[in-house]
Amino acid sequence: MIARNEHRRRGIKLIVVSLMAASAALAIVARCGADETRTPTGIRLNTVGYLPDLTKRATVVGAETNVSEFAVISLPNEAVVHSGPLSAIRRHADSGENVRTADFSAFKTPGRYLLRVKGLPDSPPFRIGAGVYNASLRLNMLGFLGQRCGAPVRLEHNGVVYEKGACHLKDGFLDYYDPARAGQIKDGTGGWHDAGDYGKYTVNGAFATGILLAAWEQYGDKLAKLELPIPEADGPLPDFLAEVKFNLDWLLKMQFPDGRVSHKLTRTRFSPMIMPTDDQERRYFVSWGADATACLAAVTAKAARVYRPFDPQYADRCLEASTKAMDALRNQWMDVQPDQSAFRTGGYLKSARSDRLWALLEYWETTGDERSMRLIGQLANLDNYLFDVDWDWGEGKNLGLYVYLFSKRERNPALVEQLQQDLLGAADRIARNHDRHGYGRGLRSYYWGCNGSVARLSLTLLLAHHISGDRRYLDVVVDQLAYLYGRNPYGRSFVTGEGHNPPLFPHHRPSAADGIEAPWPGHLVGGGHPTELDWKDVLESAATNENAINWDASLAYALAAFYDPDAD
Ligand code: 9MR
Ligand code: ZN
């Protein structure tokens, strides 16, 4: 167990800086010579594991053409317990590889195994079993604990202790929100750091929180049983909701008395790779924006429903915040954008259109407010607002449409029918992408944070499964998990601290600065772009190797769906 005090950490930091320089040098060597991030051939599969009753596939690259079989080998005794044919070779254009598929879905016996193909190195070991993703969900939630701002954090994984002190206690200054109050502080402490940087961004904070609350709305019965090692563990709230509340409490502080909401709370420039407690430069509330206000209205309306049974007073507080934000928006429907000209931190800036629909639908669901429904009609015909296949922060409408689709309130039957068909259509498009992709990825494009979007496909797919009962959608979801946990051109897990050969150098400040070799666990890194092969497991690669709460929250949703309390 590695527990360390501040004193030791400072000493180690120097070593780390030189180590970082050495690893950067290595990375340069790697870029010039053999690429360290991936090996060109191998058996790539979900290195965390498979659920007994759902699909189990691996992608095989580099097998000789006369090799036609794969075998499942049990561990530790190395007996052949199952074998099957490799599929025909097909071209996977995204990575430029010739790939074959090993489908061992028919093999369902719980245990520990590896896959063997003649002429190739054995696959990493993996498990088959009920609740095989339970530990992954817990680790993912531990990741959120690690992002907590304004509070000390201590967490443990694989015998390593990760610690940070209470950071950013002067959040934040008002100079840019209201120049007349320059030099004054309003309380904006708490919440999760957005990503590998220490900024707190309302749009993404609300979006990530909205996804976690959506997971609760769908899987709350199970999630209520999830135990997390968080300070609130013995409190009145289920642990999952207690962790989410940590961020909600901060989001509420981003609102001003007139209902408008500040777009973000950050420094003017990103900090260097230091621990959060060493980040002492002033942080500011940025001016208000329509999108931040809409997102806050949406997520607090949702929270009012979710927290009501446990804490009615808190639910009232959330609803009050939502109402005020809705009023502020009603008075200013135009797209008021925050002035971020003094800032080089994350922009999170898009039209507020999609998030306003999210807000209206959540508010309508919570209150039955007819005005919201009328406004939805006025804003645009809902026809223009059908489900996205590929969506991220800034496209909260999808969360709102899900709410409408499952609402118990009186609804327009034609619209419900249309939305159902559209949701199934989106899920089918994802399934088609998945069928065509050599590694079963359901998304066609590669961009900043696309691993998060791969995880987010699970929302559409799981709700499509809920409506239709078609188990094929569940198979596509577990194949997305497989991609993220190692069935990808790297044969590596994209989640820190978990699976085979996971990211070691994420663009995550605490991981870079704390002097511990292993990065903070439970974080999904963004993934390769502009091509599938562009992921670099190096600290500098913010664009492909950072973590972010909207990506982690989407992974949480998928894992929550398969959480099995009976197998804990
Ligand atoms: O997830 C964001 C992605 O969609 C943008 O293309 C990218 C560049 O603007 O920013 C990403 O979000 C980052 C944010 O701006 C600042 N914190 C880290 C986030 C993840 O990289
Ligand atoms: Zn902080």
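Quick notes on the rules
Residues numbered from 1 in each chain as written. Chains lettered and ligands numbered in written order. Predicted model: local features only at pLDDT ≥ 70, side-chain atom pairs only at ≥ 80, totals over all residues. Heavy atoms only, no water. Buried < 20%, exposed > 50% of the residue type's maximum accessible area, 1.4 Å probe, protein only. Helix = DSSP H or I, 4+ residues; strand = E, 2+ residues; numbered from the N terminus. Pairing = 2+ DSSP bridges. Donors = N, O, S within 2.8 Å, 3.2 Å for Na, K, Ca; no water. Tetrahedral: all angles 85-135°; square planar, octahedral: opposite > 155°, others 65-115°. Near = heavy atom within 4 Å. Polar contact = N/O pair within 3.5 Å; in protein donor to acceptor, adjacent residues only side chain to side chain. Areas by Shrake-Rupley, 256 points an atom, 1.4 Å probe, with all protein chains shown as cover. Nonpolar A, V, L, I, M, F, W, Y, C, P; charged D, E, K, R; others polar. Contact = heavy atoms within 4.5 Å. Expected span 1.5 Å × (residues − 1). Phe/Tyr/Trp six-rings, centres within 6.5 Å; stacked < 30°, edge-to-face > 60°. Axes fitted to C-alpha atoms, helices over the stretch in contact; angles between N-to-C directions. Domains from an automatic or database assignment. Buried area = accessible area lost by both parts, 1.4 Å probe. Salt bridge = Lys/Arg side-chain N within 4 Å of Asp/Glu carboxyl O. Parallel < 35°, antiparallel > 145°, perpendicular 65-115°, else oblique. Left-handed = near helix turned anticlockwise from the far one by under 90°.

What follows deals with the pairing of strand β4 (residues 69–74). Counting buried residues in β4 gives five out of six residues, a clear majority hidden from the surface. When β4 meets strand β5 (residues 80–85), the two strands line up antiparallel, connected through five bridges. Bridging from a neighbouring strand, V72 pairs with H82 of β5. Counted between consecutive antiparallel strands, the loop separating β4 from β5 contains five residues, among which E78 sits at a positive phi close to 55°. With four bridges connecting them, β4 and strand β8 (residues 111–116) associate as antiparallel partners. Bridge pairing in β8 links V72 to L115.

As a further point, take the coordination of the zinc ion (ligand 2). Around the zinc ion (ligand 2), the protein contributes the donor atoms C149 (SG), C167 (SG), H168 (ND1) and H193 (NE2), which lie 2.0 to 2.4 Å from the metal centre. For the zinc ion (ligand 2), the four donor atoms in the first shell make angles of 102 to 115° at the metal, so the coordination geometry reads as tetrahedral. Residue class for C149 comes out buried when judged on its relative accessible area of 0%.

Time to look at the site of ligand 1. Around ligand 1, the neighbouring residues are D194, A195, D197, Y201, G346, Y348, W393, W448, E546 and W551. In the model, an oxygen atom of ligand 1 is placed 2.9 Å from a nitrogen or oxygen of the W448 side chain. Coverage of ligand 1 by the protein chains reaches 78% of its 450 Å² of free accessible surface. Classifying every residue of the shell around ligand 1 gives six nonpolar, one polar and three charged.

To continue, consider the environment of A315. By the secondary structure assignment, A315 is in helix α6 (residues 312–331). Judged by relative accessible area, which is 0%, A315 ranks as buried. As a C-alpha pair, A315 and A303 span twelve residues in sequence and 6.7 Å in three-dimensional space. Not counting residues within four places of it along the chain, the set of residues in contact with A315 comprises A304, Y307 and R308.

Turning to helix α5 (residues 290–307), a few remarks are in order. For α5, which comprises 18 residues, the first-to-last C-alpha distance of 25 Å matches the rise-based estimate of 26 Å (1.5 Å per residue) to within 8%. Of all 18 residues in α5, 18 are buried, a share of seventy percent or more.

Applying the stated criterion to the full structure yields 29 aromatic pairs. Ring geometry for F144 and W192: centres 4.6 Å apart, planes at 45°, overall tilted. Of this pair, F144 sits in helix α2 (residues 134–146) while W192 sits in the loop between β11 (160–164) and β12 (200–201), and the two are 48 residues apart along the sequence. Across this residue pair, the class does not change: F144 and W192 are buried.

An order of β1-β3-β7-β6 is seen for the four strands of this open sheet, with the pairing classed as antiparallel. Looking at strand neighbours, the two that pair on one side only are β1 (42–44) and β6 (90–92), the edges of this open sheet. Pairs of neighbouring strands in the sheet enclose a mean axial angle of 40°, with direction left out of account. Across three bridges, β1 lies against strand β3 (residues 57–61) in antiparallel orientation.

The strand order β2-β9-β8-β4-β5 describes an open sheet built from five strands, whose pairing is mixed. Edge positions in the open sheet fall to β2 (49–50) and β5, since each of these has one partner strand only. Where β2 lies against strand β9 (residues 126–128), two bridges are found, and the strand directions are parallel. When the sheet's bridge partners are listed, G49 is paired in β9 with R127.

Right, let's get into the environment of G499. Considering the arrangement of structural elements, one finds G499 in the loop between α12 (472–484) and α13 (509–513). In sequence terms G499 and I549 are 50 residues apart; their C-alpha atoms lie 20 Å from each other. The contacts of G499, once residues within four sequence positions are left out, are T47, V48 and S493.

Assigned domains of the protein chain: these are domain 1 (4–35 + 132–567) and domain 2 (42–128). If you average the C-alpha positions of domain 1 and of domain 2, the two centres end up 33 Å apart. Taken together, the contact between domain 1 and domain 2 spans 31 residues of the former and 24 residues of the latter. Broken down residue by residue, the surface that domain 1 buries against domain 2 is led by V132, Y439 and R487, which jointly contribute 28%. Along the contact surface separating domain 1 from domain 2 lie one salt bridge. Here R57 ties to D479 by a salt bridge, and the two come within 3.0 Å at their closest N and O atoms.

Quick look at the packing of helix α11 (residues 450–468) against helix α15 (residues 549–562) now. Each packed pair of helices is defined by two parameters, the angle between the axes and the distance between the axes. Remark: α11 packs on α15, axes separated minimally by 8 Å, with the N-to-C direction vectors making an angle of 40°. Relative to α15, α11 is oriented oblique. Once α11 is placed against α15, the crossing between them reads as left-handed. Mapping the contact onto sequence places G452, A455, R456, S458, L459, L462 and L463 in α11 and N550, W551, S554, L555, Y557, A558 and A561 in α15. Here the residues of the contact of α11 with α15 are counted per class, giving nine nonpolar, four polar and one charged.

As a further point, take the pattern of salt bridges. In the structure shown here, the tally under the stated rule is 31 salt bridges. Ionic pairing is found between K245 and D249, a salt bridge with its closest N-O pair at 3.2 Å. Residue K245 and its partner D249 are located together in helix α4 (residues 239–253), separated by four residues, close to a single helical turn. The salt bridge involving R267 is made with E281; its shortest N-O contact spans 3.5 Å. Taken together, the residues span a long stretch of sequence, with R267 in the loop between β13 (264–266) and β14 (284–285) and E281 in the loop between β13 and β14 at a distance of 14 residues.

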